[in-house]
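So the chains spell out like this:
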Amino acid sequence: MAGGSGVIVVLAWRNLWRNYRRTLVMLLAIATGVWAMIFFSALMRGMTDQMVLNGLATLPGEVQIHHRDYRRDPSVANSIDAPSGELLAALQQPPVEAWAGRVRVPAVIASERDSRGVTLLGVDPDAESELGSLPEQIVQGRFLADSDDRGLVLGASLARKLDTELGKRVVIMSQDPQNDVADRGARVVGIYRARLASTEEQYVYAARNTVQGMLGIGERVSEVAVSGGDYRRVDEWAPRIAAAAGTQLEVLTWTQLDPFLGSMLAMQDGFTVIMMVIIFLVLSFGLVNTLAMAVFERVREIGLMQALGMRPSLILYQLLLESLYLLLLGLATGNLLAWLTVKPLESGIDVSGVAEGMEMMGMGTVLYPALAVEDMLMATAVVVVLGLLASLLPAWRAARLDPVRALNKT
Amino acid sequence: MSAIICKELCKTFRQGDEVITGLDRVSLAIDAGEFVCLSGPSGSGKTTLLNAMGGLDTPDSGAISVGEQRLDTMSKSALANLRLNHIGFVFQAYNLIPVLSARENVEFIMQVQGMPAAQRRALADDVLAEVGLAGMEGRLPSELSGGQQQRVAVARAIASKPRLVLADEPTANLDTHSAAQLMELFVALNEERGVTFVISTHDVRVMGYARRLIRMQDGRIVSDQAQQPQGMEPA
């Protein structure tokens with residue numbers, strides 16, 4: 001394409017503006033389509049982020065380390081030593097931002113009126129705070145002061161079902177490693193509220209040392225939760241933790257621990273591509289029509305260029321270049337529009353009017369659109385690739401014109 | 001040495017159910033440096049023969065050569081290369097590219113040939129001056145008169161120094177004065193550069209410039225005579 005590439009660059013650009021009204025209308029259509037692609041991708045990404053992060057809040061951590069049999073039998077017998085040596089060194093290196101060892105065992109909690117099956121979490125409040133896994137809201141009393149705190153923190157819904165309240169004593173029971181009942185009485189020092197009632201009913205917080213003492217497991221823990229920032233990039237650093245943990249321990253990412261939650265990401269990516277392709281298909285009719293009209297109006301001119309010795313391939317490239325200019329201008333405008341409209345909304349859109357539905361989807365009442373460079377790149381790739389494919393037919397037909405017939409066209 | 005050799009060229013066209021004869025066993029040879037006019041009424045086959053000589057159309061049968069190259073056996077791409085590098089075209093309707101200036105129109109072929117920008121720009125300006133359009137290099141076709149547009153088309157045809165120029169009714173849309181200027185330009189180029197000219201026309205004023213006049217009718221050559229050029233005769 002070397003000989004003549006200069007002339008087709010000029011011709012394509014000038015031809016684009018021969019019918020500037022038509023070009024501007026098409027440009028507006030492409031820009032609107034690109035804006036819609038990116039805007040809805042940002043909304044979808046924001047929704048997915050919220051759903052996944054809310055789900056992760058109950059795991060928590062993007063990576064968890066367990067005894068190999070823990071997931072099959074989450075009893076205290078399958079606890080592990082607190083991290084040390086190589087594993088501890090790996091947990092203290094970036095991108096790991098925080099980690100916490102906790103005891104997590106099935107238990108029964110009994111008040112004076114009722115009893116319930118729960119999950120007892122023995123936690124280190126400071127480490128859990130860094131991990132961001134503490135209850136969202138303490139509505140009464142306080143959270144645990146330290147790892148030796150003797151109190152219990154219950155969910156509001158559980159307290160209601162047990163008909164107990166702040167300051168009252170309850171009994172918590174579980175099994176020790178010898179399968180004997182281990183129990184102790186404790187005072188309710190705090191009531192928390194979670195986004196979902198089921199979370200409030202399931203998790204009971206106690207200090208880690210207190211629970212370890214009750215179960216007689218020394219400093220052993222059920223799991224180590226690790227957080228490394230962006231949950232989407234967990235696969236990049238999880239293998240290093242797994243290597244340091246050795247073969248005796250099982251290191252799982254959140255996508256492995258909760259495949260449903262993991263599938264949300266793949267689903268979002270799939271929906272984003274499908275939505276972009278559908279929007280583009282609507283656009284492509286306009287694009288093909290624009291190019292077909294441009295070819296129809298210039299049949300004689302194309303015939304002349306062929307008569308003068310311009311190879312059909314150069315005519316094809318010229319028309320594709322014309323289409324590419326239009327697509328790139330539309331993309332630039334659409335991306336700019338999307339950036340200008342999404343950025344101010346990143347602080348949140350109030351959707352409390354449909355709060356119930358949002359909660360059912362595991363989301364809050366504020367939607368945070370998330371503008372991502374990869375979504376903008378994806379929109380650009382979809383528009384350029386499909387745009388050029390759609391332009392190929394009219395361009396190919398133009399390149400195949402018979403010069404004599406084209407020159408005689410009136 | 002022959003610039004063009006046609007042997008038993010035949011070409012038919014379909015128009016609905018009707019078969020129209022474009023060329024009927026046409027044979028001729030045109031030597032390098034000749035100035036030839038093809039004349040005859042509309043539908044006599046002049047343009048069809050000219051298109052065959054330029055590799056724009058392929059005959060149904062027969063053989064045609066330009067220089068050493070057999071056009072009837074060449075691929076479309078090879079024909080495009082031949083037109084690009086060896087043949088200049090001038091059409092009846094000036095046929096300039098409307099979005100390009102006079103200079104850019106003249107540069108077009110050289111640019112497709114891959115000639116460096118400075119060289120082709122200098123050549124284009126020289127040729128435009130040669131056809132009397134100095135100072136109009138930057139004008140778009142819409143800013144030029146019909147005669148001036150045809151001069152740009154001639155400048156484009158000769159700028160890359162082709163061996164052969166094919167002109168199809170080049171004066172049809174020009175007034176007498178512009179037509180005479182154009183024909184004198186053709187004669188000058190033929191005499192000074194030795195470019196072979198084949199011009200189709202049914203304008204007797206144009207025929208007066210030819211040194212060889214070929215008359216066609218119903219796709220056949222009915223006469224082929226050398227003549228003394230007389231210049232523009234009154235219509």
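The structure displayed is predicted, hence computed values, not measured ones.

Caption draft 1: How the structure looks around the overall build of chain A. When you go through chain A residue by residue, the secondary structure sums to 15 helices and twelve strands. For 410 residues, the compact-globule estimate of 2.2 N^0.38 gives 22 Å, and the C-alpha radius of gyration of chain A, at 31 Å, exceeds that figure by more than 25%. Principal axes of the C-alpha set define a box for chain A whose edges measure 100 × 50 × 30 Å. When the accessible area of chain A is evaluated, it comes to approximately 18900 Å², of which 58% is carbon and sulfur surface. Of the side chains in chain A, 35 bear a positive and 42 a negative charge, and the two mean positions are spaced by 12 Å.

Caption draft 2: Up close: the pairing of strand β3 (residues 115-123) of chain A. Residue and element names in this part refer to chain A. Bridge count for strand β2 (residues 98-110) against β3 is eight bridges, and the pairing is antiparallel. Residue pairing in the sheet places Pro106 in a bridge with Thr119 of β3. Between β2 and the antiparallel strand that follows it, β3, lie four residues. Here five bridges tie β3 to strand β8 (residues 203-207), and the two strands are oriented parallel to one another. Considered in β8, the bridge of Val123 is made with Ala207.

Caption draft 3: Region of the structure containing the interface of chain A and chain B. Listed as interface residues are 24 residues of chain A and, on the opposing side, 25 residues of chain B. Taken together, both faces of the contact between chain A and chain B bury some 2100 Å²; the carbon and sulfur share is 66%. A per-residue breakdown of the area chain A buries against chain B is headed by A:Arg14, A:Leu304 and A:Leu308, which together make up 27% of the total. Counting every contact that joins chain A to chain B gives one salt bridge. For the side of chain A that touches chain B, the elements supplying multiple residues, two or more each, are α1 (5-16), α11 (299-307) and α15 (403-408) of chain A. Residues of the side of chain A that touches chain B, tallied by class, amount to twelve nonpolar, six polar and six charged.

Caption draft 4: Quick look at the UniProt feature "transmembrane region" (unreviewed entry) in chain A. All names here are of chain A. According to UniProt, the feature "transmembrane region" (unreviewed entry) maps to residues 24-44, 273-296, 316-340 and 376-396 in the numbering used here. For residues 316-340, the end-to-end C-alpha separation is 36 Å, with 100% helix and 0% strand making up the annotated structure. Across residues 376-396, helical content stands at 100% and strand content at 0%; the span's end C-alpha atoms are separated by 30 Å.

Caption draft 5: Structural detail: helix α3 (residues 102-113) of chain B. Burial analysis of α3(B) places ten of its twelve residues in the buried class, the great majority of the element. Within α3(B), the full set of buried residues consists of B:Ala102, B:Arg103, B:Asn105, B:Val106, B:Glu107, B:Phe108, B:Ile109, B:Met110, B:Gln111 and B:Val112. In this structure, the buried side of α3(B) is in contact with α1, α11 and α12 (312-342) of chain A together with α2 (76-86), α4 (117-130) and α5 (146-159) of chain B. Note on α3(B): the residue one or two positions beyond its end, B:Gly114, has a positive phi of about 90°.

Caption draft 6: Main features of the packing of aromatic side chains. Within this structure, the stated rule accounts for nine aromatic pairs over all chains. The interplanar angle of 0° and the centroid separation of 5.7 Å between the aromatic rings of B:Phe89 and B:Phe91 together place this pair among those described as stacked. Taken together, the aromatic side chains of A:Trp13, A:Trp17 and A:Tyr325 make up a single cluster linked through ring pairs.

Caption draft 7: Here's a closer look at helix α10 (residues 259-297) of chain A. The end-to-end C-alpha separation of α10(A) is 56 Å, in line with the 57 Å expected for 39 residues at 1.5 Å each. Along α10(A), the sharpest change in direction is near 30° and occurs at A:Leu283.

Caption draft 8: Geometry of the sheet that holds strand β7 (residues 164-168) of chain B. Residue and element names in this part refer to chain B. Spatially, six strands are ordered β6-β7-β8-β3-β9-β10 in an open sheet, and the strand pairing comes out mixed. Pairing within the sheet leaves two strands with one partner each, and these edge strands are β6 (87-90) and β10 (220-226). The average undirected angle you get between the axes of adjacent strands in this sheet is 15°. In terms of strand pairing, β6 meets β7 through four bridges, oriented parallel. What sits directly across from Gly88, in β7, is Val165. Contacting β3 (35-39), β6, β7 and β8 (196-201), helix α6 (residues 176-193) crosses the sheet at an angle of about 155° to β8.

Caption draft 9: How the structure looks around the side chain of B:Gln148. Residue and element names in this part refer to chain B. Turning to its location among the elements, Gln148 is positioned in helix α5. Reaching out from Gln148, the side chain makes a polar contact with the backbone nitrogen of Ser145 at a distance of 2.8 Å. Aside from chain neighbours lying at most four places away, what touches Gln148 is Leu133 and Met136.

Caption draft 10: Representation of the confidence of the model for chain A in the model. Across chain A, the average pLDDT comes to 83, with 93% of residues at 70 or higher. In the model of chain A, helix α13 (residues 355-360) of chain A stands out as the element of lowest mean pLDDT, 65, in contrast to α12(A), which has the highest, 92.

Caption draft 11: Broad picture of the domain arrangement of chain A. Residues and elements named next belong to chain A. Under the domain assignment, chain A is made up of domain 1 (5-55 + 262-408) and domain 2 (61-254). Each of domain 1 and domain 2 has a C-alpha centre, and the two are 49 Å apart. Residue-level contacts link twelve residues of domain 1 with five residues of domain 2. Of the roughly 770 Å² buried at the junction of domain 1 and domain 2 (both faces included), carbon and sulfur atoms supply 57%. Here domain 1 is connected to domain 2 by zero salt bridges. Put simply, domain 1 and domain 2 have zero residue pairs in polar contact (both at pLDDT 80 or more) between them. Elements with a minimum of two residues in the side of domain 1 that touches domain 2: α2 (20-57) and α10. Tallied by class, residues from the side of domain 1 that touches domain 2 come to four nonpolar, five polar and three charged.

Cut-offs applied
- Residues numbered from 1 in each chain as written.
- Chains lettered and ligands numbered in written order.
- Predicted model: local features only at pLDDT ≥ 70, side-chain atom pairs only at ≥ 80, totals over all residues.
- Heavy atoms only, no water.
- Helix = DSSP H or I, 4+ residues; strand = E, 2+ residues; numbered from the N terminus.
- Rg over C-alpha atoms; globule rule 2.2 N^0.38 Å.
- Areas by Shrake-Rupley, 256 points an atom, 1.4 Å probe, with all protein chains shown as cover.
- Lys, Arg positive; Asp, Glu negative; His and termini not counted.
- Charge placed at Lys NZ, Arg CZ, Asp CG, Glu CD.
- Pairing = 2+ DSSP bridges.
- Contact = heavy atoms within 4.5 Å.
- Buried area = accessible area lost by both parts, 1.4 Å probe.
- Salt bridge = Lys/Arg side-chain N within 4 Å of Asp/Glu carboxyl O.
- Nonpolar A, V, L, I, M, F, W, Y, C, P; charged D, E, K, R; others polar.
- UniProt positions renumbered as here; feature names shortened; annotations may be inferred.
- Buried < 20%, exposed > 50% of the residue type's maximum accessible area, 1.4 Å probe, protein only.
- Phe/Tyr/Trp six-rings, centres within 6.5 Å; stacked < 30°, edge-to-face > 60°.
- Expected span 1.5 Å × (residues − 1).
- Bend = angle between axes of the 7 residues up to and from the residue.
- Axes fitted to C-alpha atoms, helices over the stretch in contact; angles between N-to-C directions.
- Polar contact = N/O pair within 3.5 Å; in protein donor to acceptor, adjacent residues only side chain to side chain.
- pLDDT = per-residue confidence, 0-100.
- Domains from an automatic or database assignment.

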